[in-house]
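# Coordinate analysis (summary)
These are the residues of each chain, in order.
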Amino acid sequence: KLKIFIVTERNILMILSLSLLLRLIIIDRYSTYPSLTSSFTSDEWHDVQVILNMLNEKTLNPHSFVYPSLFYYISLILSIPAVLIFGQNWQILLITQRLISISFALLTIAMTYNFAYKIYNERVALLSAFLLAVSPFHIEMSVTAKPDMIQLGLVMLSLYYCMSAIHTKKNNDY
């Protein structure tokens, strides 16, 4: 039984490594361009600007409610170490926010594997995780500094705990 677990663990780790590699290849897309407008995609400029303003004003009020505030709070908290190490500029914040999205994308892949494994079997779980890991849409959304992956990761985590509560039927899980 231990041997099966090690093989399964190795397979999902290979899928997560492939997923990370595919995303890191394109994470710095356009971030070295001298022009600000060519460095960002879609709403990234607004999100980076909100985080910069929160850092400059030393406030938790994003003064922007285009997206739910939790996205800005998570981004701010996880960006502070990068700002302390590398300094405060838009390129550092852009790459940091994209890394946050990639982290949550990896969480969604791991949670997809976990759901499929519990509901079906290992083959379905590995196939599901692999298909999500190489999905062009998932890759594109996971390398942008937008709340999509954070929201999806938190939803998957919530579903996981709901499913665990249903299966265990312990009062502490509710």
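Let us look at the structure shown here. (Residues numbered from 1 in each chain as written. Predicted model: local features only at pLDDT ≥ 70, side-chain atom pairs only at ≥ 80, totals over all residues. Heavy atoms only, no water.)

Turning to the overall build of the chain, a few remarks are in order. A count of helical and extended segments in the chain gives 7 helices and 0 strands. In sequence order, the secondary structure elements of the chain are arranged as α-α-α-α-α-α-α. Across the chain, every contact between residues at least 6 apart in sequence was considered, and the portion connecting residues at least 24 apart equals 70%. As displayed, the chain has an accessible area near 10,200 Å², and 67% of this comes from carbon and sulfur atoms. (Helix = DSSP H or I, 4+ residues; strand = E, 2+ residues; numbered from the N terminus. Contact = heavy atoms within 4.5 Å. Areas by Shrake-Rupley, 256 points an atom, 1.4 Å probe, with all protein chains shown as cover.)

With respect to the helices, strands and loops of the structure, Ser 142 is situated in helix α6 (residues 136-142). Residue Ser 142 is classed as buried on the basis of its relative accessible area, which comes to 0%. C-alpha separation for the pair Ser 142 and Ile 102, spaced 40 residues apart in sequence, amounts to 5.1 Å. Apart from the residues within four sequence positions on either side, Ser 142 is in contact with Arg 23, Arg 98, Ser 101, Ile 102, Ala 105 and Met 149. (Buried < 20%, exposed > 50% of the residue type's maximum accessible area, 1.4 Å probe, protein only.)

The tally for this structure, following the rule as stated, stands at 4 aromatic pairs. Geometrically, the ring pair formed by Tyr 67 and Phe 71 is edge-to-face, given 5.9 Å between the ring centres and 80° between the ring planes. A centroid spacing of 5.8 Å and a plane angle of 20° characterise the contact between Tyr 113 and Tyr 117, whose relative ring orientation is stacked. With Tyr 113 and Tyr 117 both in helix α4 (residues 90-119) and 4 residues apart, the pair spans about one turn of that helix. Of the residues examined, Tyr 113 reaches a relative accessible area of 10% and is grouped as buried. Overall, Tyr 117 belongs to the partly exposed group, its relative accessible area being 40%. Each member of the aromatic cluster is reached from another via a ring pair, and the members are Tyr 67, Phe 71 and Tyr 72. (Phe/Tyr/Trp six-rings, centres within 6.5 Å; stacked < 30°, edge-to-face > 60°.)

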